[in-house]
Amino acid sequence: MVVIAVIILAIAIGMRWIHLLNAQHDARIAAYHFSDPLPRPPGLPDDTGFPAHRTDADR
């Protein structure tokens with residue numbers, strides 16, 4: 001019985017630790033300011049080939 005309780009407690013502590021590390025990682029990502037995207041190299045078309053996003057106002 002004690003072994004089962006210790007295993008369940010270890011799993012619960014591990015889950016809490018992983019949750020806290022994920023929250024810390026998400027906060028670090030949100031605080032990091034990424035640089036502007038690189039300009040498009042010359043000679044490439046401006047169109048990516050994907051259709052534009054349509055809204056109900058376009059119809």
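I will try to describe carefully the structure that is included in this document. Numbering of residues begins from 1 in every chain and follows the order in which that chain's sequence is written. Side-chain atom pairs in this predicted model are given and counted only at pLDDT of 80 or more, local residue features only at pLDDT of at least 70, and totals for whole chains, interfaces and linings cover all residues. Side-chain figures throughout are based on the complete set of non-hydrogen atoms in the structure, without hydrogens or water.

Strands here are runs of E lasting at least two residues and helices are runs of H or I lasting at least four, both read from the DSSP assignment and numbered beginning at the N terminus. Across its full length, the chain holds one helix and zero strands. When a residue's accessible area, from a 1.4 Å probe over protein chains only, is under 20% of the maximum for its type it is buried; when over 50% it is exposed; and in between it is partly exposed. Going through the 59 residues of the chain one by one, you find that 0% of them count as buried. Accessible surface computed for the chain: about 6,200 Å², of which carbon and sulfur atoms make up 68%. Surface accessibility in these figures is a Shrake-Rupley result with a 1.4 Å probe; residues are shielded only by whichever protein chains are displayed.

Okay, a nonpolar patch on the surface next. Nonpolar side chains collect at one region of the surface, where Met1, Val2, Ile4, Val6 and Ile8 lie side by side and expose about 590 Å² of accessible area between them. Considering the arrangement of structural elements, one finds Ile4 in helix α1 (residues 2-31). Distance thresholds for patches are 9 Å for like charges and 5 Å for nonpolar side chains (Val, Leu, Ile, Met, Phe, Trp, Tyr), applied to residues having over 30% relative accessible area and no salt bridge. One speaks of a salt bridge when a side-chain nitrogen belonging to Lys or Arg is within 4 Å of a carboxyl oxygen belonging to Asp or Glu.

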